[in-house]
Amino acid sequence: MNADTATTEPDLNTLRERINGIDDEIIRLWKERSQVSKEVGRIRMAAGGTRLVLSRERQICERFREALGEDGTQLALLLLRAGRGPL
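The residue numbers shown here count from 1 along each chain, following its written sequence. This being a predicted model, a pLDDT of at least 70 is required before a residue's local features are given, and a value of 80 or more before pairs of side-chain atoms are given or counted; all residues contribute to the totals for chains, interfaces and linings. The side-chain numbers reported here are obtained from all heavy atoms of the structure, hydrogens and water having been left aside.

As annotated in an unreviewed UniProt entry, the protein is Chorismate mutase from Stackebrandtia nassauensis.

What follows is the structure, encoded as structure tokens:
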């Protein structure tokens with residue numbers, strides 16, 4: 001690495017700090033989404049609906065798969081479980 005490269009490349013610690021900030025935001029959003037999802041479920045059940053709406057879950061899985069590939073499907077399933085609990 002020459003002197004020019006050293007001054008233009010992002011510092012490793014700066015990048016790790018950025019990752020930590022992104023992770024903090026993901027965790028915050030995960031918790032918020034889980035709470036909102038649980039509230040949707042409570043409202044739906046109080047109105048006489050079912051605990052789960054499989055068509056909605058399929059839409060969510062498809063949306064994540066289209067955006068992120070197969071890993072997106074797995075992420076969507078984890079999000080869904082966090083919001084409704086295990087089946």
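Read on for the rest.
Chemist: Explanation requested: the layout of surface pockets in the structure shown.
Modeler: It is a probe the size of a water molecule, rolled over the atoms, that shows where empty space is left. In this analysis, the protein atoms alone were mapped onto a 1 Å grid. Cavities are point sets where a 1.4 Å probe fits without being able to get out; pockets are open sets with protein on both sides within 12 Å along at least five of seven lines; lining residues have an atom within 4 Å of a point. Grid points are joined across faces, edges and corners, and a volume is the space filled by probe spheres set on the points. Estimates place the volume of the largest pocket at around 480 Å³. For the largest pocket, the lining is made up of 22 residues, of which Ser37, Val40, Arg44, Ile60 and Leu80 are closest to its centre. The secondary structure listing takes helices from DSSP runs of H or I that are at least 4 residues long and strands from runs of E that are at least 2 residues long, numbered from the N terminus. Elements with a contribution of two residues or more to the lining of the largest pocket: α2 (12-46), α3 (54-68) and α4 (70-84). If you tally residues by element for the lining of the largest pocket, the top one is α2, at 9 residues. When its residues are assigned to classes, the lining of the largest pocket shows 9 nonpolar, 4 polar and 9 charged. When its volume is computed, the second largest pocket comes out at roughly 170 Å³. In terms of lining, the second largest pocket is formed by Ile26, Leu29, Trp30, Arg33, Phe64, Leu75 and Leu79. For the lining of the second largest pocket, the elements supplying multiple residues, two or more each, are α2 and α4. With 4 residues, α2 is the single largest residue contributor to the lining of the second largest pocket. Residue composition of the lining of the second largest pocket, grouped by class: 6 nonpolar, no polar and 1 charged. Residues are grouped as follows: Ala, Val, Leu, Ile, Met, Phe, Trp, Tyr, Cys and Pro are nonpolar; Asp, Glu, Lys and Arg are charged; all remaining types, including Gly, are polar.

Chemist: Sorry, what's going on with α3 here?
Modeler: Note on helix geometry: an α-helix contains 3.6 residues per turn, so any two residues three or four positions apart are oriented the same way. Any helix carries an expected span of 1.5 Å times its number of residues minus one. Its 15 residues place the ends of α3 21 Å apart at the C-alpha level, agreeing with the 21 Å of an ideal helix rising 1.5 Å per residue. Only protein chains enter the calculation, and the probe is 1.4 Å; a residue is then buried if its accessible area is under 20% of its type maximum, exposed if over 50%, and partly exposed in between. Residues Glu57, Ile60, Cys61 and Phe64 constitute the buried set of α3. The buried residues of α3 all sit within an arc of 95° when viewed along its axis, so they share a single face. Exposed residues lying more than 90 degrees from the buried face of α3 are Arg58, Gln59, Arg63 and Glu66. By definition, residues are in contact when any of their heavy atoms lie within 4.5 Å. On its buried face, α3 sits against α2 and α4. At the C-terminal side of α3, Gly69 shows a positive phi close to 80°. In this context, the arc is that of the directions from the helix axis out to the C-beta atoms.

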